Every structure is written in C-alpha cells, then in structure tokens.
Amino acid sequence: MQRSYLAVLPVILLILQSCQSSKKITADPAVQPEKTYLVKNVNIITMNDAGTVIENAHVLIAGNRIQSINGSSPDKDAVVIDGKGKWLIPGLADMHVHNLADVNLADSYPTKGATLFTDTQDFMLLYIANGVTTVLELSGRVEHFAQRNEIVKHKVIGPRIALAMLIEGEGTSGNIANTPEQGRQTVRLAKAQGYEFIKVYSRLNVETFKAIVDEAFRQGLKVVGHIPNAFKGKLEDVFVPHFDMVAHAEEYAKQSETFSDADAERFARLARSSGTWLTPTLVTMERIAGQARSLDEVTNQTAFRYVHPLMQSKWLTSNNYHKGSDPERIAYFEKLIAFHGKLVRAFKEAGVPMVAGTDAGTSGVIWGFSLHDELELLVKAGLSSGEALASATRLPAIWLGISDKTGTVETGKLADLVLLDANPLDNISNVRKIAGVFANGEWIDRKRIHEMLARLAEKNKANQNKFEWKNRAAY
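Everything numeric in this text was worked out from a predicted model, so none of it was measured. (Residues numbered from 1 in each chain as written. Predicted model: local features only at pLDDT ≥ 70, side-chain atom pairs only at ≥ 80, totals over all residues. Heavy atoms only, no water.)

**Student:** Before we move on, can you summarise the side chain of T281 with the specific residues and values?
**Tutor:** Along the chain, the position of T281 falls in the loop between β12 (277-278) and α8 (282-293). Apart from the residues within four sequence positions on either side, T281 is in contact with H96, A247, H248, A249, G357, T358, D359 and E374. (Helix = DSSP H or I, 4+ residues; strand = E, 2+ residues; numbered from the N terminus. Contact = heavy atoms within 4.5 Å.)

Right, here's the structure in full:
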C-alpha cells in the first residue's frame with residue numbers, strides 16, 4: 001500500500017501544481033484588492049464635452065473605478081482625502097513617447113539578453129509624479145510589452161501604455177518595408193504581435209506608405225507618424241484615407257519654404273479635409289534649439305537628476321543638436337519654433353483636433369515632466385487653458401479608442417485622476433501643483449511622490465560614474 005501511494009504521489013503533486021498554475025493564469029490581473037477612497041469637497045473638472053465643473057463634490061473610488069460622484073451614501077470604511085480648495089482632473093496623456101527599457105547595446109548572439117537593465121518602477125515614476133497616466137509609445141519593442149505587463153500585474157505603478165510598431169523604408173534593421181507587399185505584410189505582423197497602432201516613418205516611398213495605411217485600416221490599426229520625404233512638394237498626396245495623425249508640427253514645417261501664415265493655413269485645411277489629427281510636440285523643438293545654444297538647456301532642468309545616468313551621459317557627450325552648432329543652425333531652429341506656433345493657431349482655427357505629446361526620450365526631453373512644458377507652450381501658441389487640458393485628457397482617449405474608460409471624470413470610468421492645489425483652467429501651469437495621483441485606483445500622495453523622487457535622485461547620483469555612453473557596448 002505504501003509503494004502504491006509513493007507511485008501515485010508524483011501524479012498528485014503534478015495535479016496540484018497544475019491547479020495552482022491554472023489559478024495564476026486565469027486570475028484577472030486587472031482586478032486589484034478592493035481599496036476604497038472618498039475624495040471630499042473637491043472641485044471636479046470633468047473634461048466632458050459640455051465642459052462641466054462640479055464644485056464641492058464627493059467622489060467615491062473603489063478598486064480601480066470611479067464608483068460615484070455625489071452618491072447618497074458614501075462608504076463609511078473609505079480612506080478620506082480632503083479635497084477642499086482642490087481640483088480633480090482626469091489623468092494626463094502623453095501621445096508621443098519613447099520609453100527607456102531593457103536593451104542590448106553590444107554585439108548580439110543567440111541566447112544573449114539585454115546588457116542594460118532598467119528599473120521599470122524608477123522609470124515609470126517620472127510619469128506618475130507628473131500625473132501622466134496614459135502614454136503612446138511610438139517605437140514599440142517586445143520589452144515595452146513586458147513593461148506594460150509589470151504595470152498591469154500591479155508590480156509597478158505606472159501609466160497605461162499604448163504601443164505602435166514603427167515601419168521605415170530604405171533601412172537595414174528594424175521593421176523595414178520598401179514595397180507595398182512588404183508594407184502590408186509588416187502591418188499584418190504588427191497586428192499578430194499585439195501592436196495596436198502603426199507609426200510610419202520618413203524614408204518610406206509613396207506606394208509603400210499608401211499600402212501600409214490601407215492595410216492598417218483593414219487590420220483595425222490607426223496610423224500615426226511622419227510625412228515621408230517622398231511627398232516633398234506634393235503634400236496633398238499624403239492625405240490618403242485613414243492617415244490618422246501627424247506626429248510633429250515639424251513634419252509640416254519641412255513642407256514649407258517660407259514658413260508663412262498662408263502655408264500654415266493651407267496645411268490646416270488639408271488636415272481638416274482628411275480628418276488627420278496633429279501632435280505638435282512643441283517642446284521638442286524648444287529643447288533642440290536650447291541645446292544648440294548650450295548644454296545648460298539639459299543640465300539646468302531640475303528633473304535632470306531623475307534621468308537614468310546612461311541617458312544623462314548620452315545627452316551631454318553625444319548630443320548631435322549641440323555638436324557643430326552655429327548661429328545659422330540656431331536661427332533656423334528659432335524659425336521653426338515660430339512657425340510651429342503659427343501651425344497651432346491655424347489648426348485651431350480650422351478645427352483640427354490636436355493632442356499633447358512630447359517626443360520624450362529625445363535629448364533633453366524628460367519623460368513626464370516635459371508634458372507640463374508642452375501644455376504651457378500650447379497655451380502660449382494660442383490654445384486656451386481648457387483646450388490645452390483637453391489635448392492631454394479627453395482627446396487622447398478618443399483617438400486611442402478608450403474614451404469609454406478614461407479621459408473624463410465620470411462615474412464608471414477608470415480611476416486615473418490627478419488632484420491639484422489650484423485650478424488649471426485659470427492657469428495651465430497649475431497642472432504642476434499636484435497634491436496626489438490616482439493611477440488605476442492606487443493613490444499616491446505628494447509626500448510619497450517626493451520621497452520616491454528623492455530616492456531616485458540619490459540612486460542616480462550614486463551610479464553616475466558607472467554609466468558612460470562611450471562605454472555602452474561594454475555593459
């Protein structure tokens with residue numbers, strides 16, 4: 001009898017192990033332990049279409065949802081957050097980012113993994129500390145899927161991440177397509193691999209670009225990106241059906257010889273007629289121009305201390321915007337900045353939707369922090385504070401196809417929220433005055449944010465001499 005028991009013991013253990021594994025696999029990672037919060041006496045900027053502001057309201061948050069606004073019987077066990085004199089807005093979205101993730105910076109071979117490993121929580125803190133709860137990654141890699149899964153599994157507090165595959169032409173690495181057939185197949189592969197968007201890039205030829213846009217529509221994927229160089233002098237031809245968004249104001253500037261108001265207005269009419277949105281990324285050119293003048297543009301940023309030491313080294317020692325810079329280059333960048341302002345005003349007048357994006361990861365454009373700069377620049381260019389705020393809340397949710405989940409403060413929506421000390425409709429700079437953030441229902445108050453940032457700054461300082469860009473292949 002003992003021998004029989006021992007014989008079946010491995011089978012029993014295997015079954016038990018299988019059951020445990022099954023539980024892990026089938027458990028819904030989006031469901032977190034119920035924790036209830038009640039934000040009392042807060043002013044809500046709902047960011048709905050009507051622009052509703054609800055004063056002195058009570059907001060009940062349970063799990064990762066807004067359960068009620070001014071409900072009749074608030075949960076007596078809820079953690080109470082005093083919202084008196086404060087303003088609650090939807091979590092912010094950055095619609096153009098390039099996230100730092102594990103990467104191999106040396107020669108590769110079968111079985112070799114990454115050589116640079118990033119701490120996902122350290123990196124995502126830059127977003128959460130600034131109230132950024134949604135981002136669009138425009139050069140997605142498999143490592144970015146892994147980052148997103150860490151957040152979804154609640155191992156990391158971070159933003160929701162939408163992922164786009166970048167497709168380029170005439171290259172030797174990456175996702176390259178030089179014929180319409182290659183373009184269509186690459187889109188189908190992107191769909192199969194789980195990408196939700198396609199980013200088109202500068203060296204695609206005309207026919208391949210058109211095939212990519214058409215196939216993306218067939219596959220249910222939106223297209224965002226550059227205006228390929230092949231359309232120089234024939235901009236009208238780029239606005240094929242379902243080219244959904246241009247990723248930089250600079251893409252239009254490349255099509256202008258004079259940087260005139262007339263050109264800005266013509267570009268706006270073309271975009272309006274085709275339903276093509278715009279991510280201006282004004283902060284990118286501001287930072288580029290600043291670095292062309294001096295690297296102080298990088299080091300003088302308070303948030304520079306929170307950037308990974310390897311990126312600090314890269315931005316200071318391998319900065320192509322600064323190397324070889326001269327007054328002529330600086331003057332050109334300044335003309336671009338002025339024209340980008342004209343474009344924003346023209347696109348606003350034409351009724352073309354614009355969403356806030358930063359191209360974060362470009363030298364000097366710091367993740368999370370740069371979105372506040374972008375909002376201020378949009379207002380400086382001619383948007384109202386409310387319009388700028390919409391460009392980072394409601395409109396991104398609409399474009400991403402998640403407006404039933406985020407983008408406004410409404411009952412039933414996911415609890416991605418920012419609590420501010422002052423009204424951003426009075427002054428868009430008030431988005432910087434963060435009292436706390438709800439990220440998928442988890443509350444991170446100002447004290448905790450400051451403590452986490454302080455630890456990150458100390459960690460980066462301690463590791464500064466361990467990471468030099470010139471030695472990256474040796475890591």
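Moving on from the coordinates now.
**Student:** Before we move on, could you go through the packing of helix α2 (residues 120-128) against helix α15 (residues 446-463) and cite the residues and values that matter?
**Tutor:** How two helices sit against one another is set out by the angle between their axes and by the gap between those axes. Interhelical geometry of α2 versus α15 gives an angle of 135 degrees and a closest axis separation of 11 Å. Here α2 is positioned oblique relative to α15, judged by the angle of their axes. Viewed along their axes, α2 and α15 form a crossing whose handedness is left-handed. Judged by residue contacts, Q121, D122, L125, L126 and I128 of α2 engage I449, M452, L453, L456 and K459 from α15. (Axes fitted to C-alpha atoms, helices over the stretch in contact; angles between N-to-C directions. Parallel < 35°, antiparallel > 145°, perpendicular 65-115°, else oblique. Left-handed = near helix turned anticlockwise from the far one by under 90°.)

**Student:** Quick one: what's the story with the sheet that holds strand β9 (residues 197-200), residue by residue and with numbers?
**Tutor:** One open sheet holds the 7 strands; their spatial order is β6-β7-β8-β9-β10-β11-β12, and the pairing between them is parallel. With partners counted over all chains shown, the strands left at the sheet margins are β6 (92-97) and β12, one partner each. The pairing of strand β11 (residues 245-246) with β12 spans 2 bridges and is parallel. Bridge pairing in β12 links M245 to W277. Running at roughly 155 degrees to strand β8 (residues 160-167), helix α4 (residues 180-193) makes contact with β8 and β9 of the sheet. (Pairing = 2+ DSSP bridges.)

**Student:** Give a detailed account of the pairing of strand β2 (residues 53-62), specifying residues and quantitative values.
**Tutor:** The pairing of strand β1 (residues 36-45) with β2 spans 7 bridges and is classified as antiparallel. Considered in β2, the bridge of T36 is made with A62. Pairing of β2 with strand β3 (residues 65-69), which is carried by 4 bridges, proceeds in the antiparallel orientation. Bridge pairing in β3 places I61 opposite I66. Where β2 folds back onto β3 in an antiparallel hairpin, the turn is made up of 2 residues, including G63, whose phi is positive at roughly 65 degrees.

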